[in-house]
Amino acid sequence: RARKEYEQQPKQQSTSGDNQQPPLSSPPNQFDAVLLLDSDALIVDLDGQVLELLPENILIAAHKVHTKDNSTTHEINAGVMMWNLQHDHLMNVVQKWEAIC
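The sections below set out a description of the structure shown in this document. (Residues numbered from 1 in each chain as written. Predicted model: local features only at pLDDT ≥ 70, side-chain atom pairs only at ≥ 80, totals over all residues. Heavy atoms only, no water.)

1. Quick word on the sheet that holds strand β5 (residues 76–84)
Heads up, the rule is: The pairing criterion is simple: DSSP has to find at least two bridges between the two strands. In DSSP terms, a helix is any run of H or I states spanning at least four residues, a strand is any run of E spanning at least two, and both are numbered starting from the N terminus. Comment: axis = line fitted to C-alpha atoms, over the contacting stretch for helices; angle = value between 0 and 180 degrees taken between N-to-C directions.
The three strands lie next to each other as β3-β5-β4, forming an open sheet whose pairing is antiparallel. At either margin of the open sheet sits one strand with a lone partner, and together these are β3 (33–37) and β4 (60–64). Averaged over all neighbouring strand pairs, the angle between strand axes comes to 20 degrees, with direction disregarded. Where β3 meets β5, five bridges bridge the pair, whose relative direction is antiparallel.

2. With respect to the side chain of Asn84
Quick note on the threshold: Polar contacts, as counted here, are pairs of nitrogen or oxygen atoms within 3.5 Å of one another; within protein the pair requires one atom able to donate a hydrogen and one able to accept it, and residues that are adjacent in sequence qualify only if both atoms are side-chain atoms. Contacts were defined at the residue level, with two residues in contact if any of their heavy atoms lie within 4.5 Å.
By secondary structure assignment, the location of Asn84 is in strand β5. A distance of 2.9 Å separates a polar atom in the side chain of Asn84 from the backbone nitrogen of Gln86. In this view, Asn84 contacts Asp32, Leu54, Pro55, Glu56, Ile58, Leu59 and Leu90; residues no more than four positions away in its chain are not counted.

Right, here's the structure in full:
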């Protein structure tokens, strides 16, 4: 439901005249988390509570990558990632992300 409401917001006009989605400066907060999985991910425990894996004081959780080349992976596997949408610092991340996009 929240995504539909966001998509129905009026689009802003860019300087080039292309329509763009409005900024995420106030995303819907009715959800606790978002789980991002690669399309080849396999969920094996359908009875588990995935939100229990993300403590309330943690903004993001991801699978750690063990590699010698930290400059390209930043030591996380972005194919298995969960964001805490109720975290106090979420909007800081969103605003910084919007600024570089």
